[in-house]
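Below, each chain spelled out in residue letters.
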Amino acid sequence: MRIVSVVLCSLLLTGCGPKVASVAEKVVARVGIAKSLFGSETTASRDAPNPLGFYTNGCIAGAEQLAETGPTWQAMRLSRNRNWGHPETIDFIERLSKKAAQIPGREGLYVGDISQPRGGPMTSGHRSHQMGLDADIWLVAPKRLNLTRTERENISATSMRRAGGAYTNSNWNEGHHALLKAAAQDPRVARIFIFPGAKVAMCNAEKGDRSWLNKIRPWYGHHYHFHVRLKCPAGAKWCEDQDPQPAGDGCADAEQWVRDILNPPPPKPVDPNAPKPQPRRDLTMADLPQQCSNVLSPPR
Ligand SMILES: [Zn+2]
């Protein structure tokens, strides 16, 4: 891996003079494939917590590590070292796990990927999860919270879908509804992604307040886990929120997803003159917010 470092004097940006000498920290612009650089970080940066950029293009300074095991949770797949997030995310998970433990048949939460120690693009698996504000929670109800490291590596997650995600299967129950509802009712949560059949199942089962359903968004995959996305925390001025979803419970939209799964619409006619779609390329450091260069460890 070739890392080219360019050192710029921040004085050039802020004006030179003795008055600013104390803040003349070097801005180190890093060059390279971002996932290689962020994927090799093993600890958080020693900064105040600061999510930078966007969920699919960013990083996090000063992340906190979710304890591998707590009274009501276990982090899974520890070898990935993705149990890092913004302190609000860690707090959200811990609180949700307490509520989860109150649900019959469930001891708490099995927690999947949050972010890498400094966020950024991952070497595998996700486009988002880059700012420490996204977390995957396994859908299967934990029966015990003393899984060994090896078990956490090897235990397989349980799918909750049938018919390609149009419906839930027999593993789904009202405990999932209660858990997703508790998650969505946390005001820090922006949205939650889950397969369409689960959203429709919750739409049909909910007889009380429906406002939380707005945050439950049907999406591809997401039948082994659901994905929680937090809003940018207060004061995180370099963090960009996603555009808000349309008002309402979103149930009609989820029903349309289900119809499209069961009866896929014919493919759109191809415009022979349209430019060929480009394969998605890896994000480089130049794509990420500039501050993410400083979140990385100094080049060795
Ligand atoms: Zn996810």
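**Student:** What is the right way to look at the overall build of the protein in this model?
**Tutor:** Scanning the protein from N- to C-terminus turns up 8 helices and 15 strands. For the protein, the C-alpha radius of gyration of 21 Å lies close to 19 Å, the compact-globule estimate for 300 residues. In terms of overall dimensions, the protein has a C-alpha envelope of 65 × 60 × 35 Å along the principal axes. Looking at the 300 residues of the protein, the share that counts as buried comes to 37%. Restricting the contact set of the protein to residue pairs at least 6 apart, pairs at least 24 apart contribute 75%.

**Student:** What am I meant to see in the pairing of strand E10 (residues 134-138) here?
**Tutor:** Both faces of the sheet carry side chains from a regular strand, because those side chains alternate between them. Judged by how many residues are buried, E10 sits mostly within the fold: 4 of 5 residues are covered. Here 5 bridges tie E10 to strand E15 (residues 225-230), and the two strands are oriented antiparallel to one another. Directly across from Trp138, in E15, lies its bridge partner His225.

**Student:** I keep staring at the confidence of the model for the protein and nothing clicks. Help me out?
**Tutor:** Low pLDDT means the predicted atomic positions in that stretch should not be read closely. Scored by pLDDT, the protein comes out at a mean of 91, with 91% of its residues at no less than 70. Counting contacts from residues 1-24, a segment whose pLDDT is below 50, to residues more than four positions away or on other chains yields 24 contacts.

**Student:** Would you mind showing me how to read helix H3 (residues 87-102) here?
**Tutor:** An α-helical segment advances 3.6 residues per turn. Residues three or four places apart therefore align on the same side. The terminal C-alpha atoms of H3, which comprises 16 residues, lie 23 Å apart, in line with the 22 Å expected from a rise of 1.5 Å per residue. Every buried residue of H3 is listed here: Glu88, Thr89, Ile90, Phe92, Ile93, Leu96, Ser97 and Ala100.

**Student:** Quick question: what am I supposed to make of the packing of helix H6 (residues 196-205) against helix H7 (residues 251-262) here?
**Tutor:** What describes two packed helices is the angle between their axes and the distance between those same axes. Their axes nearest at 9 Å, the elements H6 and H7 cross at an angle of 135°. Of the possible angle classes, the one that applies to H6 and H7 is oblique. With respect to the hand of their crossing, H6 and H7 are arranged in left-handed fashion. Residues Pro196, Gly197, Lys199, Val200 and Cys203 of H6 pack against Cys251, Ala254, Glu255, Trp257, Val258 and Ile261 of H7. A per-class count over the contact of H6 with H7 returns 8 nonpolar, 1 polar and 2 charged.

**Student:** Please explain the nonpolar core as it appears in this structure.
**Tutor:** Nonpolar side chains in soluble globular proteins generally cluster together in the buried interior. Counting residues in each nonpolar core, the largest one holds 54 residues, and the members touching the most others are Ile93 and Val111. Every residue in contact with Val111, bar those within four places of it in the chain, is listed here: Leu66, Trp73, Ala75, Met76, Asn83, Ile93, Ala135 and Ile137.

**Student:** I tried to follow the environment of Gln74 on my own but got confused; where do I start?
**Tutor:** Residue position: Gln74 is located in strand E7 (residues 73-75). Looking at Gln74, the number of C-beta atoms within 10 Å reads 25, which means it is buried. Considering only alpha carbons, one finds Gln74 and Arg46, 28 residues apart in sequence, at a separation of 25 Å. In this view, Gln74 contacts Thr69, Tyr110, Leu145, Leu147 and Arg152; residues no more than four positions away in its chain are not counted.

**Student:** Sorry if this is basic, but what is going on with unusual backbone geometry here?
**Tutor:** A positive phi angle is found at Arg77, which is not glycine, with a value near 50°. Its 19 C-beta neighbours within 10 Å are what place Arg77 among the partly exposed residues. Notably, His222 is not glycine yet its phi reads approximately 55°, a positive angle. Structurally, His222 can be placed in the loop between strand E14 (216-218) and E15. A tally of 21 C-beta atoms within 10 Å means that His222 is categorised as buried.

**Student:** How should the pairing of strand E4 (residues 57-61) be read in this particular structure?
**Tutor:** With 5 of 5 residues buried, E4 is to be regarded as a mostly interior element. Here E4 shows a buried face lined by Asn57, Cys59 and Ala61 and a second buried face lined by Gly58 and Ile60. Sheet topology places strand E3 (residues 50-54) next to E4; 5 bridges connect them, and they run antiparallel. Paired with Asn50 across the bridge in E4 is Ala61. Where E3 folds back onto E4 in an antiparallel hairpin, the turn is made up of 2 residues.

Cut-offs applied
Residues numbered from 1 in each chain as written. Predicted model: local features only at pLDDT ≥ 70, side-chain atom pairs only at ≥ 80, totals over all residues. Helix = DSSP H or I, 4+ residues; strand = E, 2+ residues; numbered from the N terminus. Rg over C-alpha atoms; globule rule 2.2 N^0.38 Å. Buried ≥ 20, exposed ≤ 12 C-beta atoms within 10 Å, placed from the backbone. Contact = placed C-beta atoms within 7 Å. Pairing = 2+ DSSP bridges. pLDDT = per-residue confidence, 0-100. Expected span 1.5 Å × (residues − 1). Axes fitted to C-alpha atoms, helices over the stretch in contact; angles between N-to-C directions. Parallel < 35°, antiparallel > 145°, perpendicular 65-115°, else oblique. Left-handed = near helix turned anticlockwise from the far one by under 90°. Nonpolar A, V, L, I, M, F, W, Y, C, P; charged D, E, K, R; others polar. Core = buried A, V, L, I, M, F, W, Y, C linked by C-beta atoms within 7 Å.

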